[in-house]
Amino acid sequence: MSLFHAAPSVLSQSNSGLSPLDRFAWFIDAVRGGIAPFALSSPYSGDFAARVVSADLGAAQLATFCFPALDAVRTTRHIRRGDPEAYMLGLIQRAPMQVAQKRETVAVQAGELVLFDTSYPLEAVFPDPGHPVVVTILRLPRASMPIPGDQVGRLLARPLSTRGATGSLLRHLMGSALGQITDQSQAESQRLGTIAVDLAAAFLASHIDGRGLLPTETRRRALVARIGAFIEANLGDPGLTPAAIASQHHISARTLHQLFSAEPEGVMATVRRRRLERCRQALATPSLRKQPIGVTAARWGFSSPGEFSRLFKKTYGETPRQFRDGTAAARSPR
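Residues numbered from 1 in each chain as written. Predicted model: local features only at pLDDT ≥ 70, side-chain atom pairs only at ≥ 80, totals over all residues. Heavy atoms only, no water.

## A look at the nonpolar core
Then comes step 1: Of all hydrophobic cores here, the largest spans 38 residues; its most connected members are Leu-89, Leu-115, Leu-138, Leu-170, Met-174 and Leu-204.
Then comes step 2: When residues of this core are traced back to their parent elements, those giving at least two are strand E3 (51-56), strand E6 (86-94), strand E9 (113-117), strand E11 (133-141), helix H4 (165-176), helix H5 (186-206) and helix H6 (216-233).
Then comes step 3: The greatest single-element share of this core, amounting to 10 residues, is contributed by H5.
Then comes step 4: For Leu-115, the contacting residues outside a window of four places in its chain are Tyr-87, Met-88, Leu-89, Val-152, Leu-155, Leu-156, Ala-157, Arg-158, Leu-160 and Leu-204.
Then comes step 5: Of all hydrophobic cores here, the second largest spans 34 residues; its members include Phe-24, Phe-67, Leu-70 and Ala-86. (Core = buried A, V, L, I, M, F, W, Y, C linked by side-chain atoms within 4.5 Å. Buried < 20%, exposed > 50% of the residue type's maximum accessible area, 1.4 Å probe, protein only. Helix = DSSP H or I, 4+ residues; strand = E, 2+ residues; numbered from the N terminus. Contact = heavy atoms within 4.5 Å.)

Next comes the structure, spelled out in structure tokens:
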């Protein structure tokens, strides 16, 4: 069973509709298709409730596995049977795990990342935490990783802290992307995959003091992703100017504009678009219907209600009030 499809939509699968005796075999197939062949054992194999949510992002694949306690072993025989020749970056979202690869054995706590290589034997133990284990796996083809393999090998089976801007952003992407890409176009989904590879490369490089190993374009895209996250977190600040954004990232305003010259839109166009999207979402929210439009605009960083209305109409073809009233009318029973 292959978990990944070329379409940008998210694929959610569960074994709840199967008989209890068939559920563990279903999960073994899911792991084989989404990660690689493993030998799995579990005290819950007689009734193994599990769920997998996955998406193909082009340059990378992302999947979240939810399952009871188990042990997983990948041997040289499994590698001969099937090797995707990929790095697997795992985000332990709930419950700890123990992993061993290339003479390294470590405990990985919830919130940490761990890296392993499908071309080497591996053992992973997920002890019984009393609730389902949740692990998100970012599958990165080795050919897509710009860091030399011997350098990446230094990071296998080590707990990788996500402190720092790049680690925090990568953890957020892995933890939330599957819930946000359902309605994206295939081009947008593949762009997200490119961002995931760049962030993963920058994150791994930061753990081996290997930033100089990264291609210039990888460093640029990773920095643009960090800047995008900063913009997203500060949309409500009317002082979110190019100078403020550049200062926060220790670059000049000129460098900031140069960074975004290779993007689909400039830095302030990005700020305006995201602000308008948040305002439009608020205007369509029933619980906010009585909130003055000017308050909504100010909440998302527009200091001038007139400018907000002009930009909104230019972008969406109707005024904010027309949009809100039309949305309310569409929801009203006839």
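Having seen it, we continue.
## Thoughts on the pattern of salt bridges
Once their charged atoms are close, side chains differing in charge can pair, the charge on each being opposite to the other.
Then comes step 1: Per the counting criterion, the structure on display carries 15 salt bridges.
Then comes step 2: Residue Arg-142 is joined to Asp-117 by a salt bridge in which the shortest nitrogen-to-oxygen separation is 2.8 Å. Placement of Arg-142 in the loop between E11 and helix H3 (149-152) and of Asp-117 in strand E9 is noted, with a sequence separation of 25 residues between them.
Then comes step 3: Arg-142 gets classed as partly exposed once you look at its relative accessible area, which sits at 26%.
Then comes step 4: Judged by its relative accessible area of 5%, Asp-117 falls in the buried class.
Then comes step 5: Through salt bridges with shared partners, a single ionic network connects Arg-191, Asp-198, Glu-217, Arg-220, Arg-221 and Glu-263. (Salt bridge = Lys/Arg side-chain N within 4 Å of Asp/Glu carboxyl O.)

## A word on the packing of helix H9 (residues 267-283) against helix H11 (residues 305-316)
Then comes step 1: Remark: H9 packs on H11, axes separated minimally by 11 Å, with the N-to-C direction vectors making an angle of 90 degrees. As summarised for this structure, H9 and H11 are arranged roughly perpendicular, according to the angle between their axes. Across from Arg-272, Leu-276, Glu-277, Cys-279, Arg-280 and Leu-283 in H9, the residues of H11 making contact are Phe-308, Leu-311, Phe-312, Thr-315 and Tyr-316.
Then comes step 2: Within the contact of H9 with H11, the residues separate by chemical class into seven nonpolar, one polar and three charged. (Axes fitted to C-alpha atoms, helices over the stretch in contact; angles between N-to-C directions. Parallel < 35°, antiparallel > 145°, perpendicular 65-115°, else oblique. Nonpolar A, V, L, I, M, F, W, Y, C, P; charged D, E, K, R; others polar.)

Nothing here speaks to function; it is all geometry.
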